[in-house]
Amino acid sequence: MDATIESTTTLAPDQVASSEDAPPRLWLGGLGAGIAWLAAALVVEFWPNFDDWAYTTELASAAGALGGGLLFASVAGRRLPGIDRLRSLAPWLVALALLLTSWEIFTAKLNLLPRPFFAPPQAFLEVYFEDWRRLGECVIRSLLLLAPGFFIGAALGFASGVALGWSRIAGYWGHPILRLIGPLPAIAWLPIAFFAFPSSWSASVFLIALASGIPVAILTWSGVAGVNSAFYDIARTLGASQRFLVLKVAVPAAMPHVFVGLFMGLASSFSVLVVAEMMGVKAGLGWYLQWAQGWAAYGNMYAALLVMAVMCSGLVTLLFKIRDRLLAWQKGLLRW
Amino acid sequence: MVSAAARRLDAPDNAEGMRLDFLGVNHAFALEDRPLPVLEQIRFNVEPGEFVALLGPSGCGKSTLLRLVAGLEPPTQGQILEDGRPITGPDPSRVVVFQDPTLFPWRTVRDNVALGPEAQGLLKSHRTRIDDALALVGLSGFAKAYPHQLSGGMAQRVALARALVNDPRLLILDEPLGKLDSLTRISMQGELVELWQRSGFTTLLVTHDIEEALFMATRVIVFSERPARVKADIPIDRPYPRHRGDPKLVELRRHLLELLGLAQTW
Ligand SMILES: Nc1ncnc2c1ncn2[C@@H]1O[C@H](COP(=O)(O)OP(=O)(O)O)[C@@H](O)[C@H]1O
Ligand SMILES: [Mg+2]
């Protein structure tokens, strides 16, 4: 059996040669970004505002601090930990500085854009400084609504998807129901839900569970139904029970599909969350948005939108991280 | 390369190979409009410890016959006996290695090999067996690798280890080397023969490679076009290790080509 030795040595585990380039003295991108942010700080601070705007100096200080930090990093170079990850961000940092500067000039400095709708950057700061308590509470309330809804929906959707894909009886009864109900937007149930459930919170949890559960069920089902039957043959000849076939063959093989369903479910649960908060639950970011609009507080609205974007994006990122960990065996995963 | 680990696997609880009796097996698949007969009156015996190669035209029903022996499907008519008892379902004493290694991509190499013990609830007691099986196919260093990191030959070795770890009494091989490059194929033919000689299990090998059958088997059974019938049953009475240039084998090769209707290519 000489060939065994041969083939093990030809495909030895990767030996990644780390490139030992001499560290560059100066991080040019960081230098440019630092200068751009310092320039933004100067514009904000020393170009007089058209009108009174609070938090102008704070905005200038924040931009200046960022610019100073970048300048320091560009000179200190390699010695800073994590600098390599920052390196590729330089173009974005420059672009953001330019965006902030022009936004500031068009709003606060020249007042060229219609006033209540276009708030200057310092209006964001004002909201975060003065209304952070309420915004924070809204984030928590939104998460406390989203999390139970999403988890219940994902769990039930997963379980029914496995049942539909595995059991002939479940498929027979479940398929027509899912075909009828599945395409219906979860929001359409909103009037009934608010009427049928004891509280608007439980009604919203139901709607979010529905919105996230249906794509998870459909994708899990198709994942389980599409498992290569050779996997079952192998497992059966090795002595697998029905239980083993479901839990150790069908489910792991369907996992990539399940995650597609989870992403779709998460996205639709966001929209149900916002609508439910606007329509019934008088709390959360959706409610905050509507409240701000009622008071024509556009600064608050934009600030809340930004918070919501960060929250949703953060949750999607979290789901991607979980998937990358669980599906490390897959090649060529989409990076988020 | 008979390592200590390999020897440990050789000392099975039931050193005897399995005896098989095919008692007039018929099998047909139900197509939309009519049945498709695939096996017709298959009748032969396999003695314990024999290495029987099955040859036949592509699509004649060889894989189907192996699926019946594995217990994955019941025959439409007739019976297959293992040591005198009818085969009613799959069992880890009869393991299959297919042309595609079909490793579970979400399991590491070691966890793939551990599949049988895990399914039978023997994971704890079989820990060293699993490591021995990996060592036997020369892949101990890849225990933690995932299947997509392996070459075709390595993946097929893992599939072999996954089968052997169950201490089978019948090894069913369905063109196991069919997709490998010719160098890997030749070296694995030698390894398989060695393994079979050491372990004493009965082996059924489907192959489309006449030389492979002649190099490895104690007996070749030739099937007709679909529906498959036994066309010839030829013992290969040559000692191991065999040599591919052995004039007796060359003669048998010509005979087999004739039986398969390819005499003019020789
Ligand atoms: N599950 C199935 N359903 C219907 N027909 C099948 C099935 N499996 C195999 N067949 C048909 O049976 C015949 C024999 O197939 P197979 O046993 O795979 O042949 P081979 O001798 O090449 O291994 C082929 O014509 C194939 O199309
Ligand atoms: Mg075949």
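Model, not experiment: these values are computed from the prediction.

J.: Sorry if this is basic, but what is going on with the domain arrangement of chain A here?
T.: Frequently, the measure chosen for interface size is the accessible area removed from exposure when the parts meet. Splitting chain A by domain gives domain 1 (20–113) and domain 2 (132–327). Relative to domain 2 of chain A, the C-alpha centre of domain 1 of chain A lies at a distance of 39 Å.

J.: What is the right way to look at the confidence of the model for chain B in this model?
T.: All names here are of chain B. Chain-level pLDDT for chain B is 90 on average; 93% of the residues reach the 70-or-more range. Ignoring residues within four places in sequence, the model shows residues 1–8, a span with pLDDT below 50, making twelve contacts including any to other chains. Predicted confidence for residues 10–14 stays below pLDDT 50, and this span has seven contacts to residues more than four positions away or in other chains. The complex model carries a pTM of 0.84, and its ipTM stands at 0.89.

J.: Got a minute to help me understand the site of ligand 1 in this structure?
T.: Residues and elements named next belong to chain B. What surrounds ligand 1 is the set Phe29, Leu36, Val38, Ser58, Gly59, Cys60, Gly61, Lys62, Ser63, Thr64 and Arg226. With respect to ligand 1, the side chain of threonine 64 contributes an N or O atom lying 2.6 Å from an oxygen atom. One of the side-chain nitrogen or oxygen atoms of arginine 226 is found 2.7 Å away from an oxygen atom of ligand 1. Taken together, the elements giving at least two residues each to the shell around ligand 1 come down to β2 (35–46) and α2 (62–70). At three residues, α2 tops the list of elements feeding residues into the shell around ligand 1. Split into classes, the residues belonging to the shell around ligand 1 amount to four nonpolar, five polar and two charged.

J.: Just checking my understanding: could you explain the UniProt feature "domain: ABC transporter" (unreviewed entry) in chain B for this structure?
T.: UniProt marks residues 20–250 of chain B with the feature "domain: ABC transporter" (unreviewed entry), using the numbering shown here. Along residues 20–250 of chain B one finds 31% helix and 26% strand; the C-alpha atoms at either end are 29 Å apart.

J.: Can you help me understand the UniProt feature "domain: ABC transmembrane type-1" (unreviewed entry) in chain A in this one?
T.: Taking the UniProt record as the reference, the feature "domain: ABC transmembrane type-1" (unreviewed entry) is found at residues 139–319 of chain A. Measuring from the first to the last C-alpha atom of residues 139–319 of chain A gives 18 Å, for a span that is 86% helix and 0% strand.

J.: Which parts of the structure should I look at to understand the interface of chain B and chain A?
T.: Listed as interface residues are 38 residues of chain B and, on the opposing side, 26 residues of chain A. The junction of chain B with chain A conceals about 2900 Å² of combined surface from both sides, 70% of it contributed by carbon and sulfur atoms. Across the contact surface, chain B and chain A share two salt bridges. Ionic pairing is found between arginine 67 of chain B and aspartate 233 of chain A, a salt bridge with its closest N-O pair at 2.7 Å. For the pair chain B and chain A, the interface holds five residue pairs in polar contact (both at pLDDT 80 or more). Looking at the side of chain B that touches chain A, the elements with two or more residues in it are α2, β6 (94–97), α4 (115–119), α6 (152–164) and α7 (182–199) of chain B. For the side of chain B that touches chain A, the leading source of residues is α4 of chain B, giving four residues. Its residues assigned to classes, the side of chain B that touches chain A shows 20 nonpolar, nine polar and nine charged.

Calculation notes
- Residues numbered from 1 in each chain as written.
- Chains lettered and ligands numbered in written order.
- Predicted model: local features only at pLDDT ≥ 70, side-chain atom pairs only at ≥ 80, totals over all residues.
- Heavy atoms only, no water.
- Domains from an automatic or database assignment.
- pLDDT = per-residue confidence, 0-100.
- Contact = heavy atoms within 4.5 Å.
- Near = heavy atom within 4 Å.
- Polar contact = N/O pair within 3.5 Å; in protein donor to acceptor, adjacent residues only side chain to side chain.
- Helix = DSSP H or I, 4+ residues; strand = E, 2+ residues; numbered from the N terminus.
- Nonpolar A, V, L, I, M, F, W, Y, C, P; charged D, E, K, R; others polar.
- UniProt positions renumbered as here; feature names shortened; annotations may be inferred.
- Buried area = accessible area lost by both parts, 1.4 Å probe.
- Salt bridge = Lys/Arg side-chain N within 4 Å of Asp/Glu carboxyl O.

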